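Geometric and topological summary
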Amino acid sequence: MILDWNSGKFGFNAANDSDVPVEDRYQLLIDAVPDYAIFMLDDAGRVASWNSGVQKIKGYTPEEIIGRHFSIFYTPEDVAADKPGRELALATAPGRAEDRGWRVRRDGSRFWADVTITAVYDSSGALVGFAKITRDMTERMRLAELEHANELSTQMQAAREDEQRRIARELHDDLGQQLTALKMGVAALEQQIVPGATNAPQRQIDNMLASLRRIAADLRPPMLDDLGLGAALEWLTDDFTQRFHVKVALRLAVDDSAVTPFASATIYRIVQEALTNVARHAQASEVTIDMSNDAHGWRLGIEDNGRGTLVEEACAPGSLGLLGMRERVRQLRGTLTIDSAPGMGFRIVAHIPLGGIRLAATSPD
Ligand SMILES: Nc1ncnc2c1ncn2[C@@H]1O[C@H](COP(=O)(O)OP(=O)(O)OP(=O)(O)O)[C@@H](O)[C@H]1O
Ligand SMILES: [Mg+2]
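Calculation criteria
- Residues numbered from 1 in each chain as written.
- Chains lettered and ligands numbered in written order.
- Predicted model: local features only at pLDDT ≥ 70, side-chain atom pairs only at ≥ 80, totals over all residues.
- Heavy atoms only, no water.
- Donors = N, O, S within 2.8 Å, 3.2 Å for Na, K, Ca; no water.
- Helix = DSSP H or I, 4+ residues; strand = E, 2+ residues; numbered from the N terminus.
- Buried < 20%, exposed > 50% of the residue type's maximum accessible area, 1.4 Å probe, protein only.
- Pairing = 2+ DSSP bridges.
- Axes fitted to C-alpha atoms, helices over the stretch in contact; angles between N-to-C directions.
- Contact = heavy atoms within 4.5 Å.
- Arc of directions from axis to C-beta.
- Polar contact = N/O pair within 3.5 Å; in protein donor to acceptor, adjacent residues only side chain to side chain.
- Near = heavy atom within 4 Å.
- Areas by Shrake-Rupley, 256 points an atom, 1.4 Å probe, with all protein chains shown as cover.
- 1 Å grid on protein atoms, 1.4 Å probe; cavity = no way out; pocket = protein on both sides within 12 Å on 5 of 7 lines; lining within 4 Å.
- Sits in = over half its atoms within 2 Å of the grid points.
- Core = buried A, V, L, I, M, F, W, Y, C linked by side-chain atoms within 4.5 Å.
- UniProt positions renumbered as here; feature names shortened; annotations may be inferred.

Under an unreviewed UniProt entry, the chain has the name PAS/PAC sensor signal transduction histidine kinase and belongs to Paraburkholderia graminis.

So, on to the coordination of the magnesium ion (ligand 2). Summarising the metal site, the magnesium ion (ligand 2) is bound by the protein donors Glu 273 (OE) and Asn 277 (OD1), whose distances to it range over 2.1 to 2.5 Å. Pair noted here: Glu 273 and Asn 277 are both in helix H10 (residues 261-282), with a separation of four residues, about one helical turn. Take Glu 273: its relative accessible area is 26%, and that puts it in the partly exposed class.

Think of a sheet as strands paired side by side through backbone hydrogen bonds, with each pair either parallel or antiparallel. In space, the five strands of this open sheet follow the order S8-S9-S10-S12-S11, with mixed pairing throughout. At either end of the open sheet lies a strand with only one pairing partner, and these are strand S8 (247-253) and strand S11 (335-340). The sheet shows a mean angle of 10° between the axes of neighbouring strands, direction not considered. Both strand S9 (residues 286-293) and strand S10 (residues 297-304) contribute to a ladder of seven bridges, which runs antiparallel. Opposite Asn 293, over in S10, you have Trp 298 as the bridge partner. With respect to the sheet, helix H9 (residues 229-244) is in contact with S8, S9 and S10, its orientation differing from that of S8 by roughly 170°.

Time to look at helix H5 (residues 83-92). Of the residues making up H5, those classed as buried are Lys 83, Pro 84, Glu 87, Leu 88 and Ala 91. Each buried residue of H5 sits inside an arc of 140° when the element is viewed along its axis, so together they form one side. Those residues of H5 that are buried lie in contact with strand S3 (36-42), helix H4 (76-80), strand S5 (96-104), strand S6 (110-121) and strand S7 (127-136). Its side-chain oxygen at 3.3 Å from the backbone nitrogen of Gly 85, Asp 82 defines the N-terminal cap of H5.

The next subject is the site of ligand 1. In the neighbourhood of ligand 1, 13 residues make up the surrounding shell, with Asn 277, Arg 280, His 281, Asp 304 and Leu 322 lying closest. For ligand 1, the protein covers 82% of the area, taking 600 Å² as the surface of the free molecule. At a threshold of 2 Å from the grid points, most atoms of ligand 1 map onto the largest pocket. Those elements that provide at least two residues to the shell around ligand 1 are H10 and helix H12 (320-331). No other element matches the five residues that H10 contributes to the shell around ligand 1.

Here the focus is the nonpolar core. With 43 residues, the main nonpolar core has Ile 267, Val 287 and Leu 300 as its most contacted residues. Those residues in contact with Ile 267, other than ones at most four positions away along the chain, are Leu 229, Met 291, Trp 298, Leu 300, Leu 332, Ile 352 and Ile 357. By size, the runner-up hydrophobic cluster in this structure holds 21 residues, among which are Ala 37, Leu 41, Phe 73 and Ala 119.

Within this numbering scheme, the UniProt entry marks residues 95-149 as carrying the feature "domain: PAC" (unreviewed entry). Counted over residues 95-149, helix gives 22% and strand 56%. Its end C-alpha atoms are 38 Å apart.

So this is what it looks like as C-alpha coordinates:
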(Lines give C-alpha, C1' and ligand atoms only; values in the text may rest on other atoms or scores of the structure.)
(Ligands and ions follow the chains in the order given, each with its own letter.)
Protein backbone atom coordinates (compact mmCIF):
# COMPACT_ATOMS: atom_id res chain seq x y z
CA MET A 1 0.00 0.00 0.00
CA ILE A 2 1.30 3.47 -0.74
CA LEU A 3 0.13 6.73 0.69
CA ASP A 4 0.15 9.93 -1.31
CA TRP A 5 0.73 12.51 1.43
CA ASN A 6 -0.14 15.39 -0.93
CA SER A 7 -3.52 14.14 -2.07
CA GLY A 8 -4.22 12.38 1.20
CA LYS A 9 -5.43 9.30 -0.62
CA PHE A 10 -4.71 5.62 -0.26
CA GLY A 11 -3.42 3.53 -3.13
CA PHE A 12 -1.79 0.30 -4.20
CA ASN A 13 1.15 0.19 -6.55
CA ALA A 14 0.13 -3.10 -8.12
CA ALA A 15 -0.15 -3.21 -11.91
CA ASN A 16 -3.60 -3.44 -13.50
CA ASP A 17 -5.17 -3.07 -16.90
CA SER A 18 -8.19 -0.94 -16.00
CA ASP A 19 -8.67 2.68 -17.09
CA VAL A 20 -9.35 3.70 -13.48
CA PRO A 21 -6.08 4.22 -11.61
CA VAL A 22 -5.63 1.79 -8.74
CA GLU A 23 -5.47 4.60 -6.18
CA ASP A 24 -8.85 5.91 -7.31
CA ARG A 25 -10.32 2.45 -7.28
CA TYR A 26 -9.06 1.99 -3.75
CA GLN A 27 -10.56 5.31 -2.70
CA LEU A 28 -13.86 4.27 -4.31
CA LEU A 29 -13.72 1.03 -2.37
CA ILE A 30 -13.19 2.61 1.03
CA ASP A 31 -15.71 5.36 0.25
CA ALA A 32 -18.25 2.61 -0.37
CA VAL A 33 -18.22 1.72 3.34
CA PRO A 34 -19.74 4.89 4.80
CA ASP A 35 -20.58 3.25 8.13
CA TYR A 36 -16.89 3.10 8.96
CA ALA A 37 -14.58 6.08 9.29
CA ILE A 38 -11.36 4.82 7.71
CA PHE A 39 -8.24 6.92 7.76
CA MET A 40 -4.57 6.80 7.63
CA LEU A 41 -2.50 8.54 10.26
CA ASP A 42 1.13 9.45 9.71
CA ASP A 43 3.71 8.10 12.15
CA ALA A 44 3.10 11.08 14.47
CA GLY A 45 -0.65 10.47 14.58
CA ARG A 46 -1.74 13.23 12.17
CA VAL A 47 -4.63 12.50 9.82
CA ALA A 48 -3.25 11.83 6.35
CA SER A 49 -6.21 10.37 4.48
CA TRP A 50 -9.92 9.88 4.88
CA ASN A 51 -13.01 8.20 3.47
CA SER A 52 -16.59 9.46 3.27
CA GLY A 53 -17.39 7.70 6.56
CA VAL A 54 -15.23 10.26 8.39
CA GLN A 55 -17.58 13.02 7.38
CA LYS A 56 -20.68 10.94 8.16
CA ILE A 57 -19.54 9.69 11.56
CA LYS A 58 -17.32 12.51 12.80
CA GLY A 59 -18.73 15.49 10.92
CA TYR A 60 -15.42 16.77 9.49
CA THR A 61 -14.78 17.57 5.84
CA PRO A 62 -11.43 16.33 4.46
CA GLU A 63 -10.09 19.92 4.35
CA GLU A 64 -10.82 20.37 8.03
CA ILE A 65 -9.23 17.18 9.21
CA ILE A 66 -6.20 16.41 7.05
CA GLY A 67 -3.06 17.25 8.98
CA ARG A 68 -4.79 17.47 12.38
CA HIS A 69 -3.65 15.23 15.20
CA PHE A 70 -6.14 12.39 15.74
CA SER A 71 -6.46 13.24 19.46
CA ILE A 72 -9.09 15.74 18.28
CA PHE A 73 -11.52 12.77 18.19
CA TYR A 74 -11.02 11.96 21.89
CA THR A 75 -12.78 13.37 24.90
CA PRO A 76 -10.84 15.98 26.94
CA GLU A 77 -10.54 13.42 29.79
CA ASP A 78 -8.97 10.86 27.45
CA VAL A 79 -6.62 13.46 25.97
CA ALA A 80 -5.54 14.50 29.48
CA ALA A 81 -4.82 10.85 30.25
CA ASP A 82 -2.87 10.56 26.94
CA LYS A 83 -5.08 7.77 25.67
CA PRO A 84 -4.34 8.63 22.01
CA GLY A 85 -0.57 8.34 22.61
CA ARG A 86 -0.99 5.03 24.46
CA GLU A 87 -3.10 3.62 21.66
CA LEU A 88 -0.47 4.47 19.03
CA ALA A 89 2.21 2.88 21.22
CA LEU A 90 0.03 -0.20 21.61
CA ALA A 91 -0.60 -0.33 17.86
CA THR A 92 3.14 -0.16 17.22
CA ALA A 93 4.14 -2.80 19.76
CA PRO A 94 1.86 -5.76 19.01
CA GLY A 95 0.81 -4.15 15.70
CA ARG A 96 -2.82 -3.45 16.57
CA ALA A 97 -4.84 -1.55 19.20
CA GLU A 98 -8.54 -2.04 19.74
CA ASP A 99 -10.76 0.09 21.90
CA ARG A 100 -14.36 0.87 22.62
CA GLY A 101 -15.27 4.17 24.16
CA TRP A 102 -16.68 7.63 23.79
CA ARG A 103 -15.37 9.80 20.97
CA VAL A 104 -16.20 13.37 20.02
CA ARG A 105 -17.75 14.64 16.78
CA ARG A 106 -16.90 17.97 15.21
CA ASP A 107 -19.99 19.55 16.83
CA GLY A 108 -18.86 18.38 20.27
CA SER A 109 -21.46 15.60 20.58
CA ARG A 110 -20.24 12.23 21.75
CA PHE A 111 -20.67 8.83 20.16
CA TRP A 112 -19.81 5.33 21.30
CA ALA A 113 -17.04 4.12 19.02
CA ASP A 114 -15.46 0.83 18.15
CA VAL A 115 -11.89 1.67 17.12
CA THR A 116 -9.08 -0.38 15.61
CA ILE A 117 -5.63 1.12 15.00
CA THR A 118 -3.13 -0.92 13.02
CA ALA A 119 0.51 0.03 12.43
CA VAL A 120 1.50 0.13 8.73
CA TYR A 121 5.09 -0.60 7.70
CA ASP A 122 6.79 -0.22 4.32
CA SER A 123 8.69 -3.03 2.60
CA SER A 124 11.90 -2.15 4.48
CA GLY A 125 10.06 -2.48 7.79
CA ALA A 126 9.98 1.25 8.57
CA LEU A 127 6.82 2.62 10.20
CA VAL A 128 4.77 4.57 7.62
CA GLY A 129 1.83 5.39 9.80
CA PHE A 130 -1.36 3.88 11.15
CA ALA A 131 -4.58 2.68 9.60
CA LYS A 132 -7.50 3.66 11.83
CA ILE A 133 -11.02 2.29 11.50
CA THR A 134 -13.81 3.74 13.62
CA ARG A 135 -17.37 2.51 13.76
CA ASP A 136 -20.22 4.41 15.40
CA MET A 137 -21.85 1.91 17.79
CA THR A 138 -24.14 4.39 19.59
CA GLU A 139 -27.34 3.11 18.03
CA ARG A 140 -26.40 -0.49 18.60
CA MET A 141 -25.53 0.25 22.23
CA ARG A 142 -28.88 1.99 22.73
CA LEU A 143 -30.68 -0.99 21.26
CA ALA A 144 -28.78 -3.33 23.58
CA GLU A 145 -29.70 -1.10 26.55
CA LEU A 146 -33.36 -1.11 25.49
CA GLU A 147 -33.33 -4.87 25.15
CA HIS A 148 -31.80 -5.15 28.60
CA ALA A 149 -34.42 -2.80 30.09
CA ASN A 150 -37.15 -4.81 28.39
CA GLU A 151 -35.81 -8.06 29.81
CA LEU A 152 -35.55 -6.49 33.26
CA SER A 153 -39.12 -5.23 33.18
CA THR A 154 -40.37 -8.66 32.05
CA GLN A 155 -38.54 -10.27 34.93
CA MET A 156 -39.86 -7.70 37.38
CA GLN A 157 -43.37 -8.34 36.13
CA ALA A 158 -42.89 -12.08 36.56
CA ALA A 159 -41.49 -11.55 40.08
CA ARG A 160 -44.48 -9.34 40.94
CA GLU A 161 -46.90 -12.02 39.74
CA ASP A 162 -45.08 -14.61 41.86
CA GLU A 163 -45.23 -12.37 44.90
CA GLN A 164 -48.94 -11.67 44.39
CA ARG A 165 -49.59 -15.38 44.05
CA ARG A 166 -47.78 -15.99 47.35
CA ILE A 167 -49.70 -13.25 49.21
CA ALA A 168 -53.01 -14.48 47.75
CA ARG A 169 -52.30 -18.00 49.01
CA GLU A 170 -51.35 -16.75 52.47
CA LEU A 171 -54.52 -14.66 52.67
CA HIS A 172 -56.71 -17.47 51.50
CA ASP A 173 -55.14 -20.43 53.27
CA ASP A 174 -53.98 -18.87 56.51
CA LEU A 175 -56.15 -15.86 57.31
CA GLY A 176 -59.18 -17.47 55.63
CA GLN A 177 -58.92 -20.61 57.79
CA GLN A 178 -58.50 -18.55 60.93
CA LEU A 179 -61.58 -16.46 60.17
CA THR A 180 -63.63 -19.59 59.52
CA ALA A 181 -62.50 -21.03 62.87
CA LEU A 182 -63.30 -17.73 64.56
CA LYS A 183 -66.79 -17.75 63.06
CA MET A 184 -67.47 -21.22 64.46
CA GLY A 185 -66.14 -20.19 67.86
CA VAL A 186 -68.30 -17.06 67.90
CA ALA A 187 -71.36 -19.12 66.91
CA ALA A 188 -70.76 -21.55 69.78
CA LEU A 189 -70.16 -18.72 72.26
CA GLU A 190 -73.30 -16.89 71.18
CA GLN A 191 -75.40 -19.97 71.85
CA GLN A 192 -73.85 -20.34 75.30
CA ILE A 193 -74.21 -16.72 76.34
CA VAL A 194 -77.48 -15.68 74.72
CA PRO A 195 -79.37 -18.68 73.37
CA GLY A 196 -81.30 -17.64 70.23
CA ALA A 197 -79.26 -14.43 69.77
CA THR A 198 -79.10 -12.71 66.38
CA ASN A 199 -76.04 -13.89 64.53
CA ALA A 200 -74.81 -10.40 63.56
CA PRO A 201 -71.13 -11.08 64.54
CA GLN A 202 -71.18 -14.17 62.33
CA ARG A 203 -72.47 -12.11 59.43
CA GLN A 204 -69.69 -9.62 60.03
CA ILE A 205 -67.17 -12.43 59.84
CA ASP A 206 -68.83 -13.68 56.63
CA ASN A 207 -68.40 -10.22 55.13
CA MET A 208 -64.77 -10.19 56.19
CA LEU A 209 -64.30 -13.57 54.54
CA ALA A 210 -65.92 -12.34 51.32
CA SER A 211 -63.68 -9.25 51.24
CA LEU A 212 -60.66 -11.38 51.90
CA ARG A 213 -61.55 -13.75 49.05
CA ARG A 214 -62.03 -10.81 46.69
CA ILE A 215 -58.68 -9.27 47.65
CA ALA A 216 -56.95 -12.63 47.20
CA ALA A 217 -58.66 -13.22 43.85
CA ASP A 218 -57.70 -9.74 42.63
CA LEU A 219 -54.12 -10.42 43.58
CA ARG A 220 -54.11 -13.78 41.87
CA PRO A 221 -57.27 -15.48 40.61
CA PRO A 222 -56.96 -19.04 41.93
CA MET A 223 -58.55 -20.52 38.81
CA LEU A 224 -55.75 -19.06 36.67
CA ASP A 225 -53.44 -21.64 38.23
CA ASP A 226 -55.98 -24.40 38.77
CA LEU A 227 -58.30 -24.26 35.75
CA GLY A 228 -56.46 -22.11 33.21
CA LEU A 229 -56.92 -18.82 31.41
CA GLY A 230 -60.36 -19.53 29.88
CA ALA A 231 -61.98 -20.35 33.22
CA ALA A 232 -60.29 -17.39 34.90
CA LEU A 233 -61.61 -15.01 32.23
CA GLU A 234 -65.10 -16.45 32.66
CA TRP A 235 -64.91 -15.80 36.38
CA LEU A 236 -63.56 -12.29 35.80
CA THR A 237 -66.28 -11.34 33.31
CA ASP A 238 -69.10 -12.83 35.42
CA ASP A 239 -67.83 -10.94 38.44
CA PHE A 240 -67.62 -7.75 36.33
CA THR A 241 -71.22 -8.12 35.14
CA GLN A 242 -72.44 -8.68 38.69
CA ARG A 243 -70.57 -5.70 40.05
CA PHE A 244 -71.20 -3.16 37.28
CA HIS A 245 -74.31 -4.47 35.50
CA VAL A 246 -72.57 -4.40 32.12
CA LYS A 247 -73.13 -7.42 29.88
CA VAL A 248 -69.99 -9.19 28.67
CA ALA A 249 -69.92 -11.48 25.62
CA LEU A 250 -66.85 -13.65 26.01
CA ARG A 251 -65.84 -15.61 22.90
CA LEU A 252 -62.84 -17.83 23.40
CA ALA A 253 -61.70 -19.72 20.33
CA VAL A 254 -58.18 -20.62 21.42
CA ASP A 255 -56.54 -23.70 22.75
CA ASP A 256 -55.25 -22.39 26.08
CA SER A 257 -53.36 -25.58 26.99
CA ALA A 258 -50.14 -24.27 25.39
CA VAL A 259 -50.19 -20.88 27.13
CA THR A 260 -47.51 -20.47 29.79
CA PRO A 261 -48.38 -19.23 33.30
CA PHE A 262 -46.61 -15.95 32.57
CA ALA A 263 -48.55 -15.39 29.33
CA SER A 264 -51.90 -16.33 30.97
CA ALA A 265 -51.30 -13.95 33.85
CA THR A 266 -50.32 -11.20 31.39
CA ILE A 267 -53.40 -11.68 29.19
CA TYR A 268 -55.62 -11.87 32.28
CA ARG A 269 -54.22 -8.54 33.55
CA ILE A 270 -54.79 -6.89 30.16
CA VAL A 271 -58.46 -7.92 30.16
CA GLN A 272 -58.79 -6.91 33.82
CA GLU A 273 -57.41 -3.42 33.13
CA ALA A 274 -59.57 -3.03 30.01
CA LEU A 275 -62.70 -3.94 32.03
CA THR A 276 -61.71 -1.53 34.80
CA ASN A 277 -61.52 1.19 32.14
CA VAL A 278 -64.96 0.24 30.82
CA ALA A 279 -66.38 0.58 34.33
CA ARG A 280 -64.61 3.89 34.92
CA HIS A 281 -64.90 5.68 31.59
CA ALA A 282 -67.13 4.01 29.02
CA GLN A 283 -70.77 4.25 30.23
CA ALA A 284 -71.25 1.13 28.12
CA SER A 285 -74.04 -1.44 28.28
CA GLU A 286 -72.07 -4.22 26.61
CA VAL A 287 -68.51 -5.42 26.18
CA THR A 288 -67.31 -8.05 23.71
CA ILE A 289 -64.13 -9.97 24.39
CA ASP A 290 -62.88 -12.07 21.50
CA MET A 291 -59.88 -14.34 21.63
CA SER A 292 -58.91 -16.36 18.58
CA ASN A 293 -55.78 -17.73 17.03
CA ASP A 294 -54.28 -18.59 13.65
CA ALA A 295 -51.00 -20.21 12.66
CA HIS A 296 -49.00 -17.13 13.71
CA GLY A 297 -50.44 -16.24 17.07
CA TRP A 298 -53.36 -15.02 19.15
CA ARG A 299 -55.64 -12.07 18.61
CA LEU A 300 -57.34 -10.54 21.63
CA GLY A 301 -60.04 -7.95 21.03
CA ILE A 302 -61.89 -6.04 23.78
CA GLU A 303 -64.61 -3.73 22.54
CA ASP A 304 -67.36 -1.78 24.27
CA ASN A 305 -70.38 0.16 23.00
CA GLY A 306 -69.82 3.13 25.29
CA ARG A 307 -69.14 6.81 24.77
CA GLY A 308 -65.63 6.36 23.30
CA THR A 309 -63.02 9.10 23.19
CA LEU A 310 -60.35 10.62 20.96
CA VAL A 311 -57.44 8.17 20.70
CA GLU A 312 -54.95 11.03 21.24
CA GLU A 313 -56.68 11.86 24.52
CA ALA A 314 -56.71 8.24 25.65
CA CYS A 315 -52.98 7.95 24.96
CA ALA A 316 -52.05 11.21 26.69
CA PRO A 317 -49.09 10.95 29.07
CA GLY A 318 -50.03 10.31 32.68
CA SER A 319 -52.59 7.58 32.02
CA LEU A 320 -50.92 4.46 33.21
CA GLY A 321 -53.54 1.83 32.44
CA LEU A 322 -53.22 1.80 28.65
CA LEU A 323 -49.46 2.26 28.97
CA GLY A 324 -49.28 -0.79 31.25
CA MET A 325 -51.37 -2.80 28.77
CA ARG A 326 -49.05 -1.85 25.95
CA GLU A 327 -46.05 -2.82 28.08
CA ARG A 328 -47.56 -6.20 28.94
CA VAL A 329 -48.32 -6.94 25.29
CA ARG A 330 -44.77 -5.93 24.38
CA GLN A 331 -43.44 -8.33 27.00
CA LEU A 332 -45.19 -11.08 25.05
CA ARG A 333 -43.53 -9.70 21.89
CA GLY A 334 -46.91 -8.57 20.57
CA THR A 335 -48.49 -5.33 19.40
CA LEU A 336 -51.47 -3.37 20.71
CA THR A 337 -53.76 -1.04 18.81
CA ILE A 338 -56.45 1.25 20.16
CA ASP A 339 -59.38 2.44 18.13
CA SER A 340 -61.98 4.86 19.37
CA ALA A 341 -63.87 8.05 18.60
CA PRO A 342 -66.45 10.04 20.60
CA GLY A 343 -69.75 8.17 20.51
CA MET A 344 -68.22 5.15 18.78
CA GLY A 345 -67.17 2.93 21.68
CA PHE A 346 -63.64 1.84 22.52
CA ARG A 347 -61.69 -1.05 21.02
CA ILE A 348 -58.39 -2.59 22.02
CA VAL A 349 -56.79 -5.25 19.84
CA ALA A 350 -53.65 -7.17 20.81
CA HIS A 351 -51.77 -9.49 18.49
CA ILE A 352 -49.47 -11.90 20.30
CA PRO A 353 -47.17 -14.20 18.35
CA LEU A 354 -47.05 -17.89 19.31
CA GLY A 355 -43.54 -17.33 20.69
CA GLY A 356 -45.03 -14.89 23.24
CA ILE A 357 -47.83 -17.28 24.19
CA ARG A 358 -45.19 -19.89 25.02
CA LEU A 359 -42.90 -17.43 26.78
CA ALA A 360 -41.80 -18.50 30.25
CA ALA A 361 -40.50 -15.35 31.86
CA THR A 362 -40.28 -16.72 35.37
CA SER A 363 -37.02 -18.49 34.58
CA PRO A 364 -34.43 -15.72 34.25
CA ASP A 365 -31.77 -16.59 31.69
N1 LIG B 1 -63.35 1.97 27.43
C2 LIG B 1 -63.10 3.28 27.39
N3 LIG B 1 -64.07 4.15 26.96
C4 LIG B 1 -63.83 5.49 26.91
N5 LIG B 1 -62.66 6.05 27.24
C6 LIG B 1 -61.68 5.24 27.67
C7 LIG B 1 -61.83 3.83 27.76
N8 LIG B 1 -60.67 3.29 28.18
C9 LIG B 1 -59.84 4.32 28.36
N10 LIG B 1 -60.42 5.50 28.06
C11 LIG B 1 -59.83 6.84 28.06
O12 LIG B 1 -58.42 6.67 28.01
C13 LIG B 1 -57.80 7.30 29.09
C14 LIG B 1 -56.57 6.53 29.49
O15 LIG B 1 -56.89 5.29 30.10
P16 LIG B 1 -55.86 4.68 31.14
O17 LIG B 1 -56.37 3.36 31.58
O18 LIG B 1 -54.51 4.72 30.52
O19 LIG B 1 -55.86 5.72 32.33
P20 LIG B 1 -56.95 5.98 33.45
O21 LIG B 1 -57.95 4.86 33.46
O22 LIG B 1 -57.49 7.36 33.28
O23 LIG B 1 -56.08 5.95 34.75
P24 LIG B 1 -55.28 4.71 35.33
O25 LIG B 1 -53.86 5.10 35.13
O26 LIG B 1 -55.70 4.64 36.76
O27 LIG B 1 -55.67 3.50 34.55
C28 LIG B 1 -58.87 7.40 30.15
O29 LIG B 1 -58.63 8.46 31.02
C30 LIG B 1 -60.11 7.60 29.33
O31 LIG B 1 -60.26 8.96 28.98
MG1 LIG C 1 -57.31 2.80 33.48
